[in-house]
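The residues making up each chain are set out below.
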Amino acid sequence: MKPTAKTPMKVTKSLYQRELRTQSSSSSEQAEEANVVAKAKDPVHVFCRIRPLPSDGDLSCVRVRNSTTVILATPEQVLGNKQGAQKETQYIFRHVFEPQTSQQDIFSAMAQPLVKNLIKGRNSLLFTYGVTGSGKTYTMTGDTRHRGIMPRCLDVLFRTISDYQAKKYVFKPDRLNGFEILSEADALLERQHEMNQRFKGALKRKDSDPEIASQASCDLTPLRGIDEDNMYAVFVTYIEVYNNSVYDLLEEGNIQKTLQSKIIREDANHNMFVHGVTEIEIKSVEEAIEAFQTGQKRKRMGHTVLNAESSRSHSVFNIRLVQAPTDSQGEQVLQDKRTITIGQLSLVDLAGSERSSRTKNTGLRLREAGNINNSLMTLRTCLEYLRENQQQANAAPKKIPYRDSKVTHLFKNYFDGEGQVSMIVCINPRAEDHDENAQVMKFAEMTQEVQIARATPIKADLGLTPGRRKANKMFKIAVNNLNELGHSEAKKLDVDIGLVYTLGPDFPQYKIDSPQAESAIQELMQYLLLRIEKGKELGLFTIGDRFRLHLMQMEKENLSLRCELASLKAVYKQERDRSSALENKIRVHESSIDVLNNKVKNRERQIDDLTRQLRGQQTLLDKKEQEKEHQKKKFDSKLAVEMDKRNRLHELKHAKLQDKIRVKDEKLRLLSNIIQSDELPKRLRRSQSLDNLSEANNSKEQRPAIESVQITPATTEMATTRNDLYFTPRVGRGMAAANKRHRRSRSTGEKWIEHRAPNPVPLGTVLQPYLKNRKSVTKLTDMKDLTGQRANKYLLVSQEADTDGDVETKLFKGNIIPTCGGGAQVVFDDVECLKQKSPVPSPNRKRPSAGGNGASSHMNTALAALSTINTINTIELASRCNVGIEGHIVKRTKI
């Protein structure tokens, strides 16, 4: 038998192609297992970190009960200093970090598992949430002495893949959220181009900052579980979401350069990414932190009342780990894009929610705070809708508004797809932040109920032998050792390093027809038994069993698919029949729709005809209105002429009345002279004759209609002694003297005697006299009607009809004053004129004669009654009324 080293087994190109062809059968099995695993979901991991109090004098509203429970107590100032127990609320998280917890403990508990997922090719999302000044940025990045989550993740990652990194530019981004593999020659050209640019000064690389170097040093151990047969490359991007716009913080150019807004797109695998973002390949922690510091200088920071260095934007630092298997020799990456596995870890530092009433922001800061709060509110809404859709699987799902904010739109594939989502809630335990902390904890507790599908990346099984890279390394070491020992044949060894195992030497040479056939058969049997045992040791037969099981499973699936296909065909036939029936109904409805359309057109034509008729009628109405206006103008001109005539008539009547009054005054003067000169019997007879004469004159004469009446009182004095009864001193024009010493008590109020016609015409208006204490009479026949009622006011109501036929009511008001002779006189001092006009005046309207004559006679009767009252029982005449007429007085006239 020949030694194995001299007859090596090589994996040729045809064998490699055969392995690729068999990939579909093995990958289908893995796809089935992946689908089973993909159904499993994990909740969002929510952690809580409490920062120390800023000063010892601050009051705390947060108390840690145990490693998973936090109690939020309402401070006294919030309760309004009410007596009683404080209100406490309990919140449960996955883990609670107390103020004294170190950065390393936080990284080990929540971030280190995410780095393991990254190495395995899974996606993970970690974001900090809380109010302004609660320690979110410190938790994510830390400072020079206490590094945060981001630098520690980079340190652990590079310590793990340090020996398995591919050369630079082997993996190159394709600008569509994917990568392509360059050959060694192309990668070398890219590296040479970068060196040339660096020498020219276009890409001057700064020396590593000592501060950054101090951050890079940390005692962290590498992670296990890395695939040693793969090549790895790390790429980072750094973006910010400011005022709901996405900006690339690593964009080439000066720091003072104005950044351009980017857009968010979806790649072929339904993953969201920022189009055109700068993706830098890094080879060490120092380079990664240097890139982070470059972007940090461009990040929007601002000063507020609650935080001296407040983040005014949401920052997203993405770490992408690209890995691909090596060839059979374990040295070069396979030039097949389908073999690439990409894992992503997104570290998000959300800006803090804040209230403008506390920060006192104005202008730009107020606008920034509004955009920050809106994006955080959208995040809460999306998670609430996602939780409701998961809990109410039977109900109609709600549409999740991912596009309302750039933050939720960017991480849509995490919530709707696969991956692991973790959130750390930062709490500031000050009592002043109680309300904000309550809202943050309530949202965090609700977020734990959201389920995210567990990521299960599918790696292509190319049939390559595991451990080939290590075997190649060992073989090279052995060859070098042989060369050092002086073996000249070491360089001529032709060994396929891809096969690190062997089933034994080649088949022995044998001849069946030879005399040594039996011994050859025995030897061949021993050789085959050894190969079978070797195959069992290497597990080669388990592959066949697995393949057989896989074929059986595929056959079962084939049968189930056939049954499903038959049922689907039956359903399809039913649906086809149903669709044909629906088509017939559609035809019937279309015909009915045509009929209705025709009816609608007819109705529209009728409407048009009616509209034209309406317009014609409207034109006729307009013409009639114009004619009415013309007639109205003519009527106004005629009315003006009539008014002029009526005014002239009033003037003539006024002149006649003045003459009559002058005659009556002369008669009264003569009567007064007679009373003063003659004896009492003669005077009495003459007064009676005068009264009869006045009554005859009143019956013969008709008083004309007047617009208003003005009464001027005249005062006289009479003798006050009985002995001098027949002598009355003459004062003025002979009027009776009033008792000037008489003064009626005002405490009794005003008491009115209302003298009106028996059947007055109703006024029909609100403009009527209001007398609180009055007595209405229709006749005055005795002195006691005035003096016996203790009245001090007199009202005479007269109604007449003017020239237009309208009712005119006049109210003559006066004071009742006792006279010296024991009688009473009425001094008129006020006249009110109430005229009721017809709403449609008619020039041909006849003036009523009954009402006017009755009112005029009533007026004359009242005046005669007044003169009679003063002469009853031999009492001297107490007063005299002069009646004057003034035309066109409509308003109330004071005397």
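Position numbers for residues start from 1 in each chain and track the written sequence from start to end. In keeping with the model being predicted, local features are shown solely for residues with a pLDDT of at least 70 and side-chain atom pairs are shown and tallied solely at 80 or more, while totals for entire chains, interfaces and linings include all residues. Side-chain numbers here rest on the full set of heavy atoms in the structure, without hydrogens or water.

- By the naming in an unreviewed UniProt entry, the protein chain goes by Kinesin-like protein and is assigned to Glossina morsitans morsitans.
- UniProt positions are given in the numbering used here, feature names are shortened, and annotations may be inferred rather than shown by experiment. One UniProt comment on the protein chain, placed under Sequence similarities (unreviewed entry), says "Belongs to the TRAFAC class myosin-kinesin ATPase superfamily. Kinesin family."

**Quick word on helix H14 (residues 434-447)**
- Per the convention used, a helix needs a DSSP run of H or I reaching at least four residues, while a strand needs a run of E reaching at least two, with both numbered from the N terminus. Expected span of a helix, by definition, is 1.5 Å for each gap between consecutive residues, and there is one gap fewer than residues. In this model H14 runs 20 Å from its N-terminal to its C-terminal C-alpha over 14 residues, within 8% of the 20 Å that 1.5 Å per residue would give.
- By the criterion of burial, H14 is predominantly enclosed, with ten of the 14 residues buried.
- Those residues of H14 lying buried are His434, Glu436, Asn437, Ala438, Val440, Met441, Phe443, Ala444, Met446 and Thr447. We call a residue buried when its accessible area falls under 20% of the maximum for its residue type, exposed when it is over 50%, and partly exposed in between, using a 1.4 Å probe and counting protein chains only.

**Structural notes on the sheet that holds strand S3 (residues 62-64)**
- Strand pairing follows a simple DSSP-based rule, namely that at least 2 bridges must link the two strands. Taken in spatial order, the three strands of this open sheet run S3-S4-S5, and their pairing is antiparallel. Strand pairing shows two members of the sheet lacking a second neighbour, S3 and strand S5 (88-92), which therefore form its edges. Averaged over all pairs of adjacent strands, the angle between strand axes in this sheet comes to 25°, irrespective of strand direction.
- Pairing between S3 and strand S4 (residues 69-73): three bridges, direction antiparallel. Bridge assignment links valine 64 to a residue of S4, and that residue is valine 70. Angles shown run from 0 to 180 degrees and are taken between the N-to-C directions of axes, each axis being a line fitted to C-alpha atoms and, for helices, limited to the stretch in contact.

**Observations regarding the pairing of strand S2 (residues 45-50)**
- Burial within S2 is extensive, with six of its six residues counted as buried.
- Of the two faces of S2, the one holding His45, Phe47 and Arg49 and the one holding Val46, Cys48 and Ile50 are both buried throughout.
- Relative to strand S20 (residues 420-427), S2 runs parallel, the two being bridged by six bridges. In the sheet register, isoleucine 50 faces S20, and the bridge partner there is isoleucine 427.
- In the sheet, S2 pairs with strand S6 (residues 95-97) via three bridges, with the strands oriented parallel. Bridge assignment links phenylalanine 47 to a residue of S6, and that residue is histidine 95.

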